[in-house]
Amino acid sequence: MPKKSPSPAAPLSVQAVIFLGADAMSMMVCERCGEKERVLDVLSQPVPLARDVFGGGTVTRDTMERCVQVARGYCDLLAEYRLGGEVKVRLLASNILSDIRNMDTLVNRLHNACGLHLEVMDDGEMTRLLYLRVQEALDKDPEGDKKRVLVVHVGPGNTRLLVSEKGRITFYSNYRIGAHRTGIKLGETALAEADDEAALIREHIRGTVEQIGYDVESAPPDTVMLFGPDFRSINSPLMTKHATADKLTRLVRQIAGTPMGQRAERYGETLASVNALLPAAIIGLSLAKSFENAELLCPRESYAGAFLAQLMPDRRDDDVMEDEVIHFSRLLAARYRTDRGHGAHIRKLCMALFDRLQELHGLTRHDRLVLKVAAILHEIGTFISPKNHHRHGQYIILNSEIFGLSRLDVEVVGLLARYHRHGAPTMSDSSYTELDLDSRLRVQKLAAILRVAEAMEVAHSRRISEFTVRFNNRRMELLVSGMHDFTMENRALRDKGALFTDIFGYDIVLLPAEA
């Protein structure tokens, strides 16, 4: 019997991510072979970005020069790695940069200095990273999929909360109390002059903490899990995986009792990050006390290391949370009492059209997910009124959190709800014209598909389920078996299908497959 030839070894590749965070610019270099990764280098240099963002709304010239200096140093190191072959590099920045006024200047400076384009992470990617860390932590707990877990991520500008119940996300929201935002807004001078520094911070965040309690009080969590790079800096023996509110209280007192000038050395902070230390601990403590009957967990694994590893060029998976995104969209639809059966059927028709017309529209798998969410939510505006429900729907979507979607994705979903009926997208609509060209083209294509699905289901009867597509000159024929009368649907297609015809150049008609 001839021997099987060994399968070829997976090629080695070296890749790196440079991340501009709130208080440091970090780089991780990995060697990847198939699914295996080996970390080659992890470097970090302090950069006072948060001070500029939350202090003045612009990145100062000195901070910009510091960013360029550090980026050049990292690029020099990567040049040595390139002696052995190609190195893929990704340059990213924290989403706190979305708040600055001179973003273009910073992007230009870094591009001119090292030839890399700076990507600013959006909330969708931050949520994806947090979700992955939570799943890793829950997978290590044999009872993790049975618990109601409140996850608290204290970031530099915002605090994110999500609730995982029996392994599914049931709540997600974002609040504007972050460690750096709080520390810088109150100011080092005000904190130093205050008789009780911790009390001043508590009073500053009290309203938001109370709001969080109201938002989650309907079903108190079994476990509160604290995440955030700020917690990784706290090397106090008081912090353990299974923490308690009492231990956190003692830790807060310990930090508050340490003069500001000594905190950096004692807790392993830098001058760029030390202002965030006490606010991070107090925000975590305040939320833990709001749910004092819950178990408190502070995972000891390196959050920063796992965070960087997930940002590698070949580690991006836009659809890693697709099931959770759809689940959360259904929860939102149920909250506003939409017709669940109609939404599910429109989603089925949209997916069939999207998949069978892939070569025609050329959209991505992520666009498919956005269309799926829009199909679920497109009639959400009927909660306010059936009249003008397309406009009401856009308003509700734009003012809702949709777990796992970026702000741009949410805006696109809102526009699809807006344009699933009546007029097509026009440049007179500011919510449409404010998008870049590529996003406007996506909206047009996705709206065209959604409107065709709506015409096929105009009677809300769900009678058209399976169909095939046939192109006949400039006509696209949708062939349905077992049916012969499509008068109502074809009349709707002459109206709703006009956008599809304008964009793709095909008139649409429903016909019996037997014809």
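Thresholds applied
- Residues numbered from 1 in each chain as written.
- Predicted model: local features only at pLDDT ≥ 70, side-chain atom pairs only at ≥ 80, totals over all residues.
- Heavy atoms only, no water.
- Core = buried A, V, L, I, M, F, W, Y, C linked by side-chain atoms within 4.5 Å.
- Buried < 20%, exposed > 50% of the residue type's maximum accessible area, 1.4 Å probe, protein only.
- Helix = DSSP H or I, 4+ residues; strand = E, 2+ residues; numbered from the N terminus.
- Axes fitted to C-alpha atoms, helices over the stretch in contact; angles between N-to-C directions.
- Parallel < 35°, antiparallel > 145°, perpendicular 65-115°, else oblique.
- Left-handed = near helix turned anticlockwise from the far one by under 90°.
- Contact = heavy atoms within 4.5 Å.
- Nonpolar A, V, L, I, M, F, W, Y, C, P; charged D, E, K, R; others polar.
- Salt bridge = Lys/Arg side-chain N within 4 Å of Asp/Glu carboxyl O.
- Pairing = 2+ DSSP bridges.
- Expected span 1.5 Å × (residues − 1).

Undergrad: Explain the nonpolar core here, please?
TA: Most often, soluble globular proteins have nonpolar side chains that are buried together. Among the nonpolar cores identified, the biggest contains 77 residues, and Leu-353, Val-373, Leu-377, Leu-416, Met-456, Leu-478 and Phe-500 are the most heavily contacted of them. Among the elements that take part in this core, helix α20 (residues 437-456) stands out by supplying 10 residues, more than any other.

Undergrad: Before we go on, may I ask you to explain the packing of helix α5 (residues 179-186) against helix α11 (residues 277-290) in this structure?
TA: To characterise two packed helices, one gives the angle between the axes of the helices and the distance between these axes. The N-to-C vectors of α5 and α11 enclose an angle of 120°; their axes lie 8 Å apart at closest approach. Here α11 runs oblique to α5, going by the angle between their axes. Once α5 is placed against α11, the crossing between them reads as right-handed. Contacts between α5 and α11 pair Ala-179, Thr-182 and Gly-183 from the former with Pro-279, Ala-280 and Ile-283 from the latter. Considering only residue class, the contact of α5 with α11 consists of 4 nonpolar, 2 polar and no charged.

Undergrad: For this particular structure, what's the right way to read the environment of Val-163?
TA: Inspection of the secondary structure assignment puts Val-163 in strand β7 (residues 159-165). Residue class for Val-163 comes out buried when judged on its relative accessible area of 1%. Separated by 257 residues in sequence, Val-163 and His-420 place their C-alpha atoms 32 Å apart. If sequence neighbours within four positions are ignored, Val-163 has contacts with Arg-148, Val-149, Leu-150, Arg-168, Ile-169, Thr-170, Phe-171 and Val-216.

Undergrad: Honestly, the pattern of salt bridges in this entry has me stumped. Any pointers?
TA: For side chains of opposite charge, pairing can occur when their charged atoms come near one another. Within the structure shown, the criterion is met by 23 salt bridges. Among the ionic pairs, Arg-51 bridges to Asp-52, the shortest N-O distance being 3.3 Å. A residue is classified by how much of its surface remains accessible, and Asp-52, at 5% relative accessible area, is buried. Through salt bridges that share partners, Glu-203, Arg-206 and Glu-210 make up one connected network.

Undergrad: Please clarify how the sheet that holds strand β14 (residues 507-512) should be interpreted in this entry.
TA: Sheet strands pair by backbone hydrogen bonding; their relative direction is either parallel or antiparallel. Taken in spatial order, the 3 strands line up as β12-β13-β14 in an open sheet, and their pairing is mixed. With one partner strand each, in any of the chains shown, β12 (468-472) and β14 form the two edges of the open sheet. Each strand of the sheet is rotated relative to its neighbour by a mean of 30°, with strand direction disregarded. Sheet topology note: the β12/strand β13 (residues 475-480) ladder contains 5 bridges and is antiparallel. Its bridge partner lying in β13, Thr-468 is registered against Leu-479.

Undergrad: Explain helix α2 (residues 61-81) to me, please; I cannot follow it from the model alone.
TA: Each α-helix winds once per 3.6 residues, and so residues spaced three or four apart point in a common direction. End to end, α2 covers 30 Å across 21 residues, agreeing with the expected 30 Å (1.5 Å per residue, within 8%). When we look at burial in α2, the residues that qualify are Thr-63, Met-64, Cys-67, Val-68, Val-70, Ala-71, Tyr-74, Cys-75 and Leu-78. Buried residues belonging to α2 abut β1 (12-20), β2 (24-33), β3 (36-46), α1 (49-55), β4 (87-93) and α3 (103-114).

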